[in-house]
Amino acid sequence: MSTPHRRRALVAAALLAVGTLVAALLNVTLAGPASAHGSVVDPASRNYGCWQRWGDDFQNPAMATEDPMCWQAWQADPNAMWNWNGLFREGVAGNHQAAIPDGQLCSAGHTQSGRYNALDTVGAWKTAAVTSNFRIKLYDQASHGADYIRVYVTKQGFDALTTPLRWSDLELVGQIGNTPASQWTPETQGVSIQVPASAPGRSGRHIVYTIWQASHLDQSYYLCSDVDFGGGSTTPPTTTPPTTAPPTTAPPTTPPPTTPNPAGACTATYKIIGQWGGGFQAEVQVTNGGSPIRGWSVSWNYANGQQVTSAWNATVSTSGTLVTARNVAYNGSLAPGASTSFGFTGSSGATNPVPGIVSCTTTA
């Protein structure tokens, strides 16, 4: 090879190496979220799921056919995925429907200068399989805690493949009230919490819509997750973010007790979901017997000074050691054999045994 040709080849190789290095550095820079907030990680929110599946391979053209809704989102604005934890608005003051127009629910009303607009696109987003009694897992990377978390599901008959999401399409199926980050499950970075939800009568593709009102500011997060009730998952199982650590104390391994109620009455099963120093999260599943009911009441006694601090999907009252939980408006009516659940967080001392007897009564 002549000297001029050799020089041109060396220059071209050097430029290619520099370009590759710049691209690699850019990818490393973009790959980390720009700020520490959070999102629903199970079932994964739309942009968290796209980041989880394609963050390491976001330029792969196979995404266009294997995951077309994520493909169009990556093409519209990759920062919607790199910043999967920043989908929020500030200063809404709880007036969510006024702040976010119909058709823009998944982008929080075109928040952050339109960064997340592609999440409103109607189409076949990847789904996660769920049952009528499910829970969402919210990962709070900055340990903000919550003034409240509300979980909605689209009504039966809503066509997620062709219809933009509107507020009138949603039904509230689960919620918790004020819950400081100290009562959430610790992670390596930040905390997480699970919110039970009950959405009977659903089948097929639906959208789970979560509103997380963070406690540190008037900062509201709006998160769309795509699910399939009773169907197979069309996406790999959602995993916890890479910073996840197990709870500080494992739940008990002994089966929780059920109360022997008369035939046809309801039964209640008490289960500890997670524990941490001085606190815990628990769930109670209520299962109806042989006749339709329009209401239920569950009660138990604590033997070691535990106290319920926050509850969802039930109205909870205490009198000394006695705790009584009653259904709320949307989960009191149960068909024969049907179940619903409610959950709560509480404080505890050195020990936190499962109550020995959990009784359930019904209203016919």
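Residues numbered from 1 in each chain as written. Predicted model: local features only at pLDDT ≥ 70, side-chain atom pairs only at ≥ 80, totals over all residues. Heavy atoms only, no water.

Where an unreviewed UniProt entry is consulted, the protein appears under the name Cellulose-binding protein, with the organism given as Micromonospora solifontis.

**Q** Would you mind going over the sheet that holds strand β13 (residues 295–301) with me for this structure?
**A** Strands pair in a sheet through their backbones, by hydrogen bonds, and they do so in one of two ways: parallel or antiparallel. One open sheet accounts for four strands, arranged β15-β16-β13-β18; its pairing is antiparallel. Two strands bound the open sheet, and with one partner strand each, they are β15 (315–319) and β18 (358–363). For this sheet the average axis-to-axis angle between neighbouring strands, irrespective of direction, equals 20°. Strand direction decides the pairing type here: β13 and strand β16 (residues 322–326), joined by five bridges, are antiparallel. Residue pairing for β16: Asn301 is matched across the bridge by Leu322. (Pairing = 2+ DSSP bridges. Helix = DSSP H or I, 4+ residues; strand = E, 2+ residues; numbered from the N terminus. Axes fitted to C-alpha atoms, helices over the stretch in contact; angles between N-to-C directions.)

**Q** Explanation requested: the nonpolar core in the structure shown.
**A** Core analysis: the biggest nonpolar cluster contains 66 residues, and Trp74, Phe134, Leu138, Ile149, Leu165 and Tyr209 have the highest contact counts within it. Ala268, Tyr270, Ala314 and Leu334 belong to the second largest nonpolar core, which has 22 residues in total. (Core = buried A, V, L, I, M, F, W, Y, C linked by side-chain atoms within 4.5 Å. Buried < 20%, exposed > 50% of the residue type's maximum accessible area, 1.4 Å probe, protein only.)

**Q** I'm lost on the packing of aromatic side chains in this one. Help?
**A** Within a pair of aromatic rings, the relevant descriptors are the distance that separates the centres and the angle that separates the planes. Considering all chains together, one arrives at 21 aromatic pairs under this definition. Measuring from ring centre to ring centre gives 5.1 Å for Trp74 and Trp82, while their planes differ by 75°; the resulting arrangement is edge-to-face. The exposure class of Trp74 is buried, given its relative accessible area of 3%. On the numbers, 5.6 Å between centres and 15° between planes, the contact of Trp296 with Phe342 is stacked. Of this pair, Trp296 sits in strand β13 while Phe342 is found in strand β17 (residues 339–347), placing the two residues 46 residues apart along the sequence. When sorted by exposure, Trp296 lands in the same class as Phe342, which is buried. Three or more aromatic residues link up through ring pairs in this structure, and these residues are Tyr270, Phe280, Trp296, Trp300, Tyr302, Phe342 and Phe344. Its guanidinium or amino end placed over the ring of Tyr148, Arg150 lies 4.0 Å from that ring's centre, counting from NZ or CZ. (Phe/Tyr/Trp six-rings, centres within 6.5 Å; stacked < 30°, edge-to-face > 60°. Lys NZ or Arg CZ within 6 Å of the ring centre and 35° of its normal.)

**Q** Would you explain the sheet that holds strand β1 (residues 38–42) in this entry?
**A** The antiparallel open sheet is built from four strands, whose spatial order is β1-β4-β8-β7. The two strands at the open ends of the sheet, each matched to only one other strand, are β1 and β7 (185–186). Bridge count between strand β4 (residues 133–140) and strand β8 (residues 191–198): eight bridges; the pairing is antiparallel. In the strand pairing of β8, Leu138 is matched with Ile193.

**Q** When you look at the side chain of Arg202 in this model, what are you seeing that I'm missing?
**A** Note on placement: Arg202 falls in the loop between β8 and β9 (204–214). At 2.8 Å, the side chain of Arg202 forms a polar contact with the backbone oxygen of Thr154. Of the polar contacts made by the side chain of Arg202, one reaches the side chain of Glu171; its length is 2.7 Å. Residues in contact with Arg202, not counting those within four places in the same chain, are Val153, Thr154, Lys155, Gln156, Glu171, Val173 and Phe229. (Polar contact = N/O pair within 3.5 Å; in protein donor to acceptor, adjacent residues only side chain to side chain. Contact = heavy atoms within 4.5 Å.)

**Q** Looking at this structure, I do not really get the environment of Trp51. What am I missing?
**A** Summarising the element assignment, Trp51 is placed in helix α2 (residues 46–54). Looking at Trp51, the relative accessible area reads 15%, which means it is buried. Separated by 31 residues in the primary sequence, Trp51 and Trp82 place their C-alpha atoms 6.7 Å from one another.

**Q** Can you help me understand the environment of Asn313 in this one?
**A** Here Asn313 is to be found in the loop between β14 (307–312) and β15. According to the relative accessible area criterion, Asn313 is buried, its value standing at 2%. Sequence spacing of Asn313 and Phe344 is 31 residues, and the spatial spacing of their C-alpha atoms is 8.9 Å. Not counting residues within four places of it along the chain, the set of residues in contact with Asn313 comprises Val173, Gly174, Gln175, Pro196, Ala197, Trp296, Val328, Tyr330, Asn331, Ser341 and Phe342. A distance of 3.2 Å separates a polar side-chain atom of Asn313 from the backbone oxygen of Pro196.

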